[in-house]
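Observations on chain architecture
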Amino acid sequence: MQESRRSRSAQGENSRRRSEPFAHTSTSLDRRTSLDPSALRTAEPRLTHHDSKTSLLSLQTENSADDAFVKCKYPKCPSRAPLSDAKRHYKSCHNCSTMYCSKECRRAHWEKHRKVCLHSRASALCRQIISAAKEDVNSLHQISTIGHKGYLAQGRGVVKVFFTSPEAAEKFTTHGYQYLSEPEYVKWISLQPNEMGVELYTEVVKLCKSYNPETRVILYVAVCIISEVPTKGAVKWERQMVSRCAKLRLSKSVTAAIQEQNRKRNRRDSKGTPDDRETLILTSKMSNAGERNAATAHKFREICFKNIVHELESRGVVLRKHFPEVYSRLAAYVDGTSDRFIPMTIYPRDATSGKSFVCVIMPDSDVDSGTPVDGKAVTVDVGLDKSRHQLSTPM
């Protein structure tokens, strides 16, 4: 009896299970969902391959609107990261804002990046310095004064302005004359190609040979940059010079002073009549052409220069003191800055007689070059290599 009851109850229970399948399934699913979160993922609708790509692209588009991606600047490295992550983890150049994903990439790219990094920053600063020197009246006056006095004393050259750091240069561009470092005059033959580079050196020399020292000055600006070199181990520092040059117009005050000096000299030299003035012609005769060709050009020019100075000193005229411009041009003629000396006429005063005389200086030229003279003319061959200057002989 008991066994028959048990069988009938089991059959009834099975029939109820078969008649209510959905009720039991939902109940069991709810229990698994509450206990196992992975069951929820199985219950979610699956995305197709196309749908997954579309959703990922839309996600990146949304993120790119908020956070731009930053790529490592080392060309061989493909790494990139959102801007927010790059600010926290990327390594920047010690001298600029160039970003790298690691120290290794920054170190590997330094040899190529260093040129762009230093010159892009300092070259722009040099241009600002030149612009500030033009606009600042006091700075331009000091540069013009040093340039003109330096030319009279040493010949053609540049006014060099050196800043020990970019910060010092920025102070000058911001505040002007009070932060201008002490300018110095440098003769063009004393400039160093390895300091400024061959290209800039060639440009500076070309400017020095062509500018008019009575109206222009050559400004050479140099900024020293000390940068950290990305290396392993101890920190290393590197010192480099970044420079530029420009041709500036002399300040109005210096130009006015030069013009006034020229007017005074012309008034002083114009006193006396041509009839009672002696004309001294300092030249090298054509008869010495063979001798000149046998000697070096530099040696020949030195002989002419010494003889001209000695001849005028015998009359109480110190060329360097009384006619510094002529002295500078002769010096440039000797050192090779000028290929040929353009004849010049001056009106010095003889210390013995007290009378002014006309002096035509024309080395490396023949006396028959067509220079007109009035009154008594005396010629001196300054091309003779003698221990004493040649005696003056009337023509």
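Every value quoted in this text rests on a predicted model; they were computed, and no experiment measured them. (Residues numbered from 1 in each chain as written. Predicted model: local features only at pLDDT ≥ 70, side-chain atom pairs only at ≥ 80, totals over all residues. Heavy atoms only, no water.)

Observations regarding the packing of helix α13 (residues 297–313) against helix α15 (residues 324–335)
In a packed pair of helices, the relevant descriptors are the angle between the two axes and the axis-to-axis distance. For the pair α13 and α15, interaxial distance at closest approach is 9 Å and the crossing angle is 160 degrees. Relative to α15, the element α13 is oriented roughly antiparallel. For the pair α13 and α15, the contacting residues are H298, F300, R301, E302, F305 and I308 in the first and Y327, L330, A331, Y333 and V334 in the second. Among the residues making up the contact of α13 with α15, the classes are represented as eight nonpolar, one polar and two charged. (Axes fitted to C-alpha atoms, helices over the stretch in contact; angles between N-to-C directions. Helix = DSSP H or I, 4+ residues; strand = E, 2+ residues; numbered from the N terminus. Parallel < 35°, antiparallel > 145°, perpendicular 65-115°, else oblique. Contact = heavy atoms within 4.5 Å. Nonpolar A, V, L, I, M, F, W, Y, C, P; charged D, E, K, R; others polar.)

Things to note about the packing of aromatic side chains
Scanning the entire structure with this criterion turns up three aromatic pairs. Taking 5.8 Å as the distance between ring centres and 35 degrees as the angle between the ring planes, the aromatic pair formed by F163 and F172 counts as tilted. Residue classification places F172 among the buried residues on the basis of a relative accessible area of 1%. A cation sits over an aromatic face here: R156 above Y211, 5.1 Å from the ring centre. Lying across the ring of F357, R315 places its NZ or CZ 5.0 Å from the centre. (Phe/Tyr/Trp six-rings, centres within 6.5 Å; stacked < 30°, edge-to-face > 60°. Buried < 20%, exposed > 50% of the residue type's maximum accessible area, 1.4 Å probe, protein only. Lys NZ or Arg CZ within 6 Å of the ring centre and 35° of its normal.)

So, the pattern of salt bridges
Within the structure shown, the criterion is met by eight salt bridges. Put simply, R315 and E278 hold a salt bridge, and the shortest N to O gap is 3.1 Å. Note that R315 is positioned in the loop between α13 and α14 (319–322) and E278 in strand β9 (residues 278–283), a separation of 37 residues in sequence. Owing to a relative accessible area of 11%, R315 belongs among the buried residues under this scheme. Two residues, R329 and E325, come together in a salt bridge whose shortest N-O distance is 2.9 Å. Here R329 pairs with E325, and both are found in helix α15, just four residues apart, close to one helical turn. Counted as one network, the salt bridges with shared partners bring together E278, E311, R315 and D350. (Salt bridge = Lys/Arg side-chain N within 4 Å of Asp/Glu carboxyl O.)

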